[in-house]
Protein chains: 2
Amino acid sequence: MEGAGRNGQKKRVRRQSPERVLQRDPERTRAAILEAATKEFAENGIGGARVDAIAERAGTNKRMLYHYFGDKEQLYLRVLEEAYVGIRTAERELHIGDRTPEEGIGELALFTWRYFLKHPEFLSLLGTENLHRARWLRQSVRLKELHSHLIGELADVLERGKKAGVFIANADPLNVYLTIASLGYFYLSNQYTLSTIFGRDLAEPGNLNAWERHIVHVTLASISA
Amino acid sequence: MEGAGRNGQKKRVRRQSPERVLQRDPERTRAAILEAATKEFAENGIGGARVDAIAERAGTNKRMLYHYFGDKEQLYLRVLEEAYVGIRTAERELHIGDRTPEEGIGELALFTWRYFLKHPEFLSLLGTENLHRARWLRQSVRLKELHSHLIGELADVLERGKKAGVFIANADPLNVYLTIASLGYFYLSNQYTLSTIFGRDLAEPGNLNAWERHIVHVTLASISA
DNA sequence: CCATCAGGTAACTGTTTAGTTACAGCTTTG
DNA sequence: CAAAGCTGTAACTAAACAGTTACCTGATGG
């Protein structure tokens, strides 16, 4: 509507910001970009995320983003990798093998649920990545070994439970983990449509607590001898 | 790189396609747009979906899309509503009340799993809509009443099971449905990242069948007296 | 049998977007 | 302390995008 701000001339006017005396800190800038990108990708998906928005949220600009991370897709992969490292690192510190088998499984179920509850951006990122059939995660080399530890530890707990006569013989560690993760993931990631169609606010504390108890109950019921 | 195809002149050159003798069919065009949009939104999310791509997939053009559906967001809501109508309509035809309580619950679990398996685009749409916190679904007036039927029917089955002494007393119909849906949704919608990180192809027929049996087993175990 | 209108095409437009570039202040080191 | 390289800014550009417009063509009904 208003006059043309863009014309053919290649003239560039430089202006220096006179007051800007901010301390330099590459590590801080890098971390700020990563955190801002995590939020932006989690909120909008990879197609909806805006590079300008990430730069602005990080309090920097696109030049730095491209300097540190290459391009939008590489930045996205970095965000995704860090998200996985986050949950698997916290999970390791549980040491579910140090308890009775039932307590160990219950502890893992509680931890998973509460981690999902505290980190909705992790759930969103998983959703986005699966929408694209793990197109970026597949290219990651860092993550393959991160997950064998979990399955191994879980297999040990199930084996001890079986020998103690409290768990069924054919409980598969992957299936047990998928059961726990399913119940937490679906409830939280789909809470918005579910609350809408069923007319009950799933985010209400009473409902959240009931579902937490439900997860532990269902998980144990599914493998109890 | 090549010469400017666009200049300031407002001249428009019209050309008529000489061979195009296609039969007119507004209903077919409308349906084609809806189907194409379902695929495009399911594959790319709302931010990644391209209006041009939808028009091309439907074998028509943007003019018709805007003519029939208003804009991109209204088209998206239509797609979402149709997806819900699809599953709820099929579900109604099950008549889970016509069987024993255990069979009824098992039947519902099997139906839900198989419907998710056959309609991956439904899962993708749910994921997209939840990423945006049900922003569009909330505006829908058509869907509120579509879901009370399911919960009512399920409540009846649980009550009969309780009276027959096969189900526990405090089984909540919504929780039972959420349990069934959780186990199916998570396994299928997250199969790509899960297969990648755990190094096991979840889409392999043997694994799919094992999980189908697992869902029925877990659901019944969680409510059995 | 022609006036009207719904169905249809494709070029067009203003804006947004990912990615680049010209430039400049810090910071380090020979 | 000066050259070189790293951190940072903001304007720039080509392409892509959602949405519009000019125009055309079959069908329909008075």
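None of the values given here were measured: they were computed from a predicted structure.

What counts as what
Residues numbered from 1 in each chain as written. Chains lettered and ligands numbered in written order. Predicted model: local features only at pLDDT ≥ 70, side-chain atom pairs only at ≥ 80, totals over all residues. Heavy atoms only, no water. Helix = DSSP H or I, 4+ residues; strand = E, 2+ residues; numbered from the N terminus. Buried < 20%, exposed > 50% of the residue type's maximum accessible area, 1.4 Å probe, protein only. Salt bridge = Lys/Arg side-chain N within 4 Å of Asp/Glu carboxyl O. Polar contact = N/O pair within 3.5 Å; in protein donor to acceptor, adjacent residues only side chain to side chain. Contact = heavy atoms within 4.5 Å. Phe/Tyr/Trp six-rings, centres within 6.5 Å; stacked < 30°, edge-to-face > 60°. Buried area = accessible area lost by both parts, 1.4 Å probe. Nonpolar A, V, L, I, M, F, W, Y, C, P; charged D, E, K, R; others polar. pLDDT = per-residue confidence, 0-100.

Asks: Which parts of the structure should I look at to understand the overall build of chain A?
Replies: Each helix and strand counted, chain A has ten helices and zero strands in total. Taken from N to C terminus, the helices and strands of chain A fall in the order α-α-α-α-α-α-α-α-α-α. Looking at chain A as a whole, 46% of its 225 residues qualify as buried.

Asks: How should I be thinking about the pattern of salt bridges in this particular structure?
Replies: Pairs may arise between side chains of opposite charge once their charged atoms sit close together. Applying the stated criterion across every chain yields a total of 20 salt bridges over all chains. With a shortest N-O distance of 2.7 Å, E91 of chain A and R88 of chain A are connected by a salt bridge. Of this pair, E91 of chain A and R88 of chain A are both found in helix α4 (residues 72-92), three residues apart, which corresponds to roughly one turn of the helix. Assessed through its relative accessible area of 6%, E91 of chain A is described here as buried. We note a salt bridge from R200 of chain B to D172 of chain A, for which the minimum N-O separation is 3.6 Å. Here R200 of chain B, found in the loop between α9 (191-198) and α10 (205-223), pairs with D172 of chain A, found in the loop between α7 (148-163) and α8 (173-189), and the two come from separate chains.

Asks: Can you walk me through unusual backbone geometry in this structure?
Replies: Residue and element names in this part refer to chain A. Phi at A134 takes a positive value of approximately 60 degrees, unusual for a residue other than glycine. With respect to the helices and strands, A134 occurs in the loop between α6 (120-131) and α7. Take A134: its relative accessible area is 0%, and that puts it in the buried class.

Asks: I tried to follow the side chain of E81 of chain A on my own but got confused; where do I start?
Replies: Residues and elements named next belong to chain A. The topology assignment puts E81 in helix α4. One polar contact links E81 to S140, side chain to side chain, over a distance of 2.7 Å. E81 has contacts with S140, R142 and L143, leaving out every residue within four places of it along the chain.

Asks: I keep staring at the packing of aromatic side chains and nothing clicks. Help me out?
Replies: Counted under the stated rule, the structure contains 20 aromatic pairs over all chains. For the ring pair F186 of chain A and Y185 of chain B, a centre distance of 5.2 Å and an interplane angle of 55 degrees mean the geometry is tilted. Taken together, the residues span two chains, with F186 of chain A in helix α8 and Y185 of chain B in helix α8 (residues 173-189). For the pair F186 of chain A and Y185 of chain B, a shared accessibility class is recorded, and that class is buried. A ring pair is formed by W113 of chain B and Y187 of chain B, whose centres lie 5.7 Å apart and whose planes are at 75 degrees; its orientation type is edge-to-face.

Asks: I'm lost on the interface of chain B and chain A in this one. Help?
Replies: Many authors give the size of an interface as the accessible area that is lost as the parts come together. The interface is formed by 52 residues belonging to chain B together with 52 residues belonging to chain A. Interface area, chain B with chain A, both sides summed: about 4,400 Å², of which 69% is carbon and sulfur. Applying the counting rule to chain B against chain A returns two salt bridges. There are six residue pairs in polar contact (both at pLDDT 80 or more) connecting chain B and chain A. With twelve residues, α8 of chain B is the single largest residue contributor to the side of chain B that touches chain A. Here the residues of the side of chain B that touches chain A are counted per class, giving 24 nonpolar, 20 polar and eight charged.

Asks: Even after reading the chapter, I still don't get the confidence of the model for chain A, so can you show me in this structure?
Replies: Low-confidence regions, as indicated by low pLDDT, have predicted coordinates that should not be scrutinised in detail. This prediction gives chain A a mean pLDDT of 87; 89% of its residues lie at or above 70. Here residues 1-22 of chain A is modelled with pLDDT under 50, and outside its nearest four sequence neighbours on either side it reaches zero contacts, counting other chains as well.

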